[in-house]
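Listed here are the chains, written in short residue letters.
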Amino acid sequence: MKYSVDENGFYGKFGGAYIPEMLHPNVEELRENYLKIMQSPDFQEELQVLLKDYVGRPTPLYFAKRLSAKYNTQIYLKREDLNHTGAHKINNTVGQVLMAQRLGKKRIIAETGAGQHGVATATVCALMNLECIVYMGEVDILRQAPNVARMKMLGATVVPATSGSRTLKDATNEAIRDWINNPEDTYYIIGSVVGPHPYPDMVARFQAIISEEMKWQLKEKTGNENPNYVVACVGGGSNAAGAFYHYLDTPEVKLVAVEAAGMGVESGESAATSVLGKEGVIHGSRTLLMQTEDGQVTEPYSISAGLDYPGVGPMHAHLFESKRAIFENITDEEALQAVLELTRLEGIIPALESAHALAALSRIGAKPDDVVVVNLSGRGDKDLSTYLDRFQLNG
Amino acid sequence: MDNRIKSLFEQKPQGLLSVYFTAGYPNLEDTVPIILELEKNGVDLIEVGMPFSDPLADGPTIQQSSDIALRNGMTIPKLFEQLKDIRQQTQIPLVLMGYLNPVMQYGVERFCQKAQEVGIDGIILPDLPLSDYVREYKQMFEQHNLSKIFLVTPQTPEKRIREIDSHTNGFVYMVSSASTTGSTNGKAVANTDYFQRVRQMELRNPSLIGFGIHDNDTFSQACQHAKGAIIGSAFIKALAQEGSLQENIESFIQRIRN
């Protein structure tokens, strides 16, 4: 079984580039050039310096002693929350902004859900002195206000997406429409392993640094580069793609993808795509998609803006169908409990998204000697107002 | 096999007016009345939009009409039900236009069968890539006598335009400028180099110009560069005016033609 993308842009039957003709030249330009550019020595040199000195990599692999005691297993946290801007998202935006420069583009657009990708994009645009426009659902603008403020501070224009459910899916629609309207000078920095080929593969490659580091860090700490489990949350799936990447062809490493169940999978208010979705086309890619019988995209729900997406990257759809990854789902309440638990046991306040991965620790059935790596994809600063409300810590 | 689109271009070589509307908008049962009224007012070809929740290539006007149509209860089965006797009432060429996902869920083969059965002549699915069409669906469409119509844009290279031309029949849909539908950036018919470039290629298929055509001026200019033009968003806006469907359609078409 092959888990990486094939020459036509497919993972099994998922992937491809289902785009209107208006986007064809841009996507084709990227497809023809992305590997060549990524593999060129000058690109790699510039990228590695930025990852080390600007982003702050390598991120630590931290043995969580008290959490391990609680679950009676060996838990390591991959600290993507310690990256500059507070999440794994910047691994990808640093790479893509260099890609945009190599392609001679002057104007950067992006979509964002939780705002982490928007902030990470606005950050690299400030760094490279490029114009930056971020599309964000109106609902998300309200629930992730600190990140909106950061983007504005960084000089980005934040444009509210007012159609549909006014969340990540709709922000993505608006970004794609912008790209259609600006085909010459604009580069679209997609924030997850979604969209038309080559985006899912390119974003996965930029995020693969996560599992690349995990391997040597585990080797140092445990003597074995392979853990028993890698656990990561999945909305579109970029942090999971990065955490899984170098283990895809190592079947003894169990990969656990954790989706947002929202109010519960059967409640009608959920974002658990692997359970609720079926094959369809969204944002240029054939994948699993939450939709009605008539093929209209369903509005998802999760307390976590970063997981509130009705699809999943085509690589993950393939990992699900081929059973290479184990898919779990976690409700809002379970995620919130996991936030409090990590905060009080380890002194780390996680993002709501990452808390879904933590909450799955009770589900996976790890044995006392098993090594479990949880990808702690982001920090909880952006979610503090939600936490204060929910945990009644106000006033 | 006869195809009404082919016959249309043979009979009327210039000044064709094609109109797009979203099925189920403004009201669920308006589909057939709008078709008949458009024909009565001398429109040459009609594109019936199948609404989709996430219309990527469309601007705000068609997004909104799609939302309303979906809320009204429009679906592909419902549309075929409405169109089942349409060929007893009119012979105007009819094209169904929509996005791939709803058609995939209905079943592409079943969709083609049903389209042929009710008398549809062509299909536009902007997010079905040419390569997938050729590999998986071309035979199916041809077998059911359906023209698969593709878009080309000012950025489409000559080689790809020729490739598209070789795999389609009916017409080539020339997107006037890089934009989503309903754009009023004023560039609609300014791309004369592009129009001439395509004209000089002497394609197998005739072409129509669409996107941003909204009044007599833009329509007439488009007609100088191609066999005719396609109007969508401007017509949807006209349907939202005060007054009956008949009045709105009649006055809109008169404004375009004169």
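The written sequence of each chain sets the order in which its residues are numbered from 1. A letter from A marks each chain and a number from 1 marks each ligand, given out in the order of writing. Only residues with pLDDT of 70 or above have their local features reported here, since the model is predicted, and side-chain atom pairs are shown and tallied only from 80 upward, although totals for entire chains, interfaces and linings are computed over all residues. Computation of side-chain values: all heavy atoms of the structure, hydrogens and water removed.

I'd like a rundown of the overall build of chain A, residues and numbers included.
Within chain A, the secondary structure is distributed over 16 helices and 14 strands. The atom set for the radius of gyration is the C-alpha atoms, and the globule formula is 2.2 Å times the number of residues raised to the power 0.38. Here the C-alpha radius of gyration of chain A, 19 Å, is about what a compact globule of 395 residues would show, namely 21 Å. Expressed along its principal axes, the backbone C-alpha trace of chain A runs to roughly 55 × 45 × 40 Å. Note on exposure labels: buried denotes an accessible area under 20% of the residue type's maximum, exposed denotes more than 50%, and partly exposed covers the range between, all computed with a 1.4 Å probe on protein chains only. Here chain A holds 395 residues, and the buried ones make up 66% of them. Contacts between residues were defined by any pair of non-hydrogen atoms, one from each residue, lying within 4.5 Å. Residue pairs at least 24 apart in sequence account for 74% of intrachain contacts in chain A once pairs closer than 6 positions are excluded. Areas reported here follow the Shrake-Rupley algorithm with a probe of radius 1.4 Å; residue values treat only the protein chains shown as occluding. Accessible surface computed for chain A: about 13,700 Å², of which carbon and sulfur atoms make up 50%. Treating the 37 positive side-chain charges of chain A as one cloud and the 49 negative ones as another, the clouds have centres 4 Å apart. Per the convention used, a helix needs a DSSP run of H or I reaching at least four residues, while a strand needs a run of E reaching at least two, with both numbered from the N terminus. The charged-residue count follows a simple rule in which Lys and Arg add positive charge and Asp and Glu add negative charge, with His and chain termini not counted at all. By convention, the charge on Lys lies at NZ, on Arg at CZ, on Asp at CG and on Glu at CD.

An account of the interface of chain B and chain A is needed here, citing residue identities and associated values.
Each partner contributes residues to the interface: chain B has 36 residues there, and chain A has 33 residues. In this assembly, chain B packs against chain A so that about 2,800 Å² is buried in total across both faces, 52% of it on carbon and sulfur atoms. Two parts placed together each lose some accessible area under a 1.4 Å probe, and the buried area is that loss summed for both. Area buried by chain B at its contact with chain A is led by Asp-54, Leu-56 and Gln-105 of chain B, which between them contribute 22% of it. Note on definitions: salt bridges are taken to be side-chain nitrogens of Lys or Arg within 4 Å of carboxyl oxygens of Asp or Glu. For the pair chain B and chain A, the number of links is two salt bridges. The residue Lys-169 of chain A makes a salt bridge to Asp-54 of chain B at a minimum N-O spacing of 2.8 Å. Sorting the residues of the side of chain B that touches chain A by element identifies helix H3 (60–72), helix H5 (100–106), helix H7 (130–143), strand E6 (151–152) and helix H8 (158–167) of chain B as the ones contributing at least two each. Of all the elements, H5 of chain B adds the most residues to the side of chain B that touches chain A, at five residues. Under the convention adopted here, Pro, Cys and the residues Ala, Val, Leu, Ile, Met, Phe, Trp and Tyr are nonpolar, Asp, Glu, Lys and Arg are charged, and Gly plus all remaining residues are polar. Tallied by class, residues from the side of chain B that touches chain A come to 19 nonpolar, 10 polar and seven charged.

Just give me the short version of the packing of helix H2 (residues 41–55) of chain A against helix H4 (residues 89–102) of chain A, but keep the residues and values in it.
All names here are of chain A. Interaxial angles span 0 to 180 degrees and are taken between N-to-C directions of axes, which are lines fitted to C-alpha atoms, for helices over the stretch in contact. Packing of H2 against H4 leaves a shortest axis separation of 10 Å and a crossing angle of 145°. As H2 packs across H4, the resulting crossing turns out to be right-handed. From H2, Asp-42, Phe-43, Glu-46, Leu-47, Leu-50, Leu-51, Tyr-54 and Val-55 reach across to H4, where they touch Ile-90, Asn-91, Val-94, Gly-95, Leu-98, Met-99, Gln-101 and Arg-102. By convention the crossing between two helices is left-handed if the near helix lies anticlockwise of the far one by an angle smaller than a right angle, and right-handed if it lies clockwise.

Outline the UniProt feature "domain: Tryptophan synthase beta chain-like PALP" (unreviewed entry) in chain A, supporting the account with residue identities and numerical values.
Taking the UniProt record as the reference, the feature "domain: Tryptophan synthase beta chain-like PALP" (unreviewed entry) is found at residues 56–378 of chain A. From the first C-alpha to the last, residues 56–378 of chain A spans 14 Å; its make-up is 40% helix and 21% strand. UniProt positions are given in the numbering used here, feature names are shortened, and annotations may be inferred rather than shown by experiment.

Break down the packing of aromatic side chains for me, with residues and values.
Side-chain rings of Phe, Tyr and Trp, where Trp is taken by its six-membered ring, are said to pair if the distance between their centres is within 6.5 Å; with planes under 30 degrees apart they count as stacked, over 60 as edge-to-face, and otherwise as tilted. This structure, assessed with the given rule, holds 17 aromatic pairs over all chains. When the centroid spacing of 6.1 Å and the interplanar angle of 55° are considered together, the rings of Tyr-188 of chain A and Tyr-199 of chain A count as tilted. A residue pair is termed long-range when its members are at least 10 positions apart, and Tyr-188 of chain A in strand E8 (residues 186–188) and Tyr-199 of chain A in helix H9 (residues 199–207) qualify at 11 residues. Take Tyr-188 of chain A and Tyr-199 of chain A: they sit in the same class, and that class is buried. The structure contains a cluster of three or more aromatic residues connected by ring pairs, namely Trp-179, Tyr-188 and Tyr-199 of chain A. In this arrangement the basic side chain of Lys-148 of chain B is found over the ring face of Tyr-133 of chain B, its NZ or CZ atom lying 5.8 Å from the centre. Positioned above the aromatic ring of Phe-150 of chain B, the side-chain terminus of Lys-148 of chain B is 3.9 Å from the ring centre. Think of it as a cone above the ring: NZ of Lys or CZ of Arg counts as a charge over the ring if it is within 6 Å of the ring centre and within 35 degrees of the ring normal.

Could you give an account of the domain arrangement of chain A, naming the residues involved and the relevant values?
Residues and elements named next belong to chain A. Each domain of chain A was delimited in the assignment, giving domain 1 (17–51 + 89–198) and domain 2 (56–86 + 208–391). For domain 1 versus domain 2, the separation of C-alpha centres amounts to 22 Å. Counting from both sides, the interface comprises 33 residues of domain 1 and, opposite them, 35 residues of domain 2. Buried surface at the junction of domain 1 and domain 2, both sides included, amounts to about 2,600 Å², of which 56% is carbon and sulfur. At the boundary of domain 1 and domain 2, one finds one salt bridge. A salt bridge links Asp-308 to Arg-143; the nearest nitrogen and oxygen atoms lie 2.7 Å apart. Between N or O atoms, a polar contact is any pair within 3.5 Å; within protein, one atom must be a potential hydrogen donor and the other a potential acceptor, and residues adjacent in sequence are included only when both atoms are from side chains. Scanning the region where domain 1 abuts domain 2 turns up 18 residue pairs in polar contact (both at pLDDT 80 or more). Every element with two or more residues in the side of domain 1 that touches domain 2 is listed here: H4, helix H5 (116–128), helix H6 (138–143), helix H7 (145–153) and helix H8 (168–181). Throughout, the edges of the domains are those of an automatic or database domain assignment.

Could you give me a rundown of the sheet that holds E8 of chain A, with the residues and numbers involved?
To summarise the sheet geometry, strands pair through backbone hydrogen bonds and adopt either a parallel or an antiparallel arrangement. All names here are of chain A. The four strands are arranged E7-E6-E5-E8 in an open sheet whose pairing can be described as parallel. At either margin of the open sheet sits one strand with a lone partner, and together these are strand E7 (157–161) and E8. Averaged over all neighbouring strand pairs, the angle between strand axes comes to 25°, with direction disregarded. As judged from the six bridges shared by strand E5 (residues 107–112) and strand E6 (residues 131–137), these two strands associate in the parallel manner. Looking at E6, one finds that Thr-112 is bridged to Met-136. The sheet contacts of H5 involve E5 and E6, and relative to E5 the element is tilted by about 165°. Against the sheet, H8 engages E5, E6, E7 and E8, with an angle of about 160° to E5. Two strands make a pair as long as DSSP finds a minimum of two bridges between them.

Describe the pairing of strand E14 (residues 371–376) of chain A, and please don't skip the residues or the numbers.
Walk down a regular strand and you will see the side chains alternate between the two sheet faces. Residues and elements named next belong to chain A. With six of its six residues buried, E14 lies for the most part within the structure. On E14, burial covers both faces: Val-371, Val-373 and Asn-375 on one face and Val-372, Val-374 and Leu-376 on the other are all buried. Where strand E4 (residues 74–79) meets E14, six bridges bridge the pair, whose relative direction is parallel. Within E14, the residue paired with Gln-74 across the bridge is Val-371. Where strand E9 (residues 229–233) lies against E14, three bridges are found, and the strand directions are parallel. The residue bridging Val-230 from the neighbouring strand is Val-373, located in E14.

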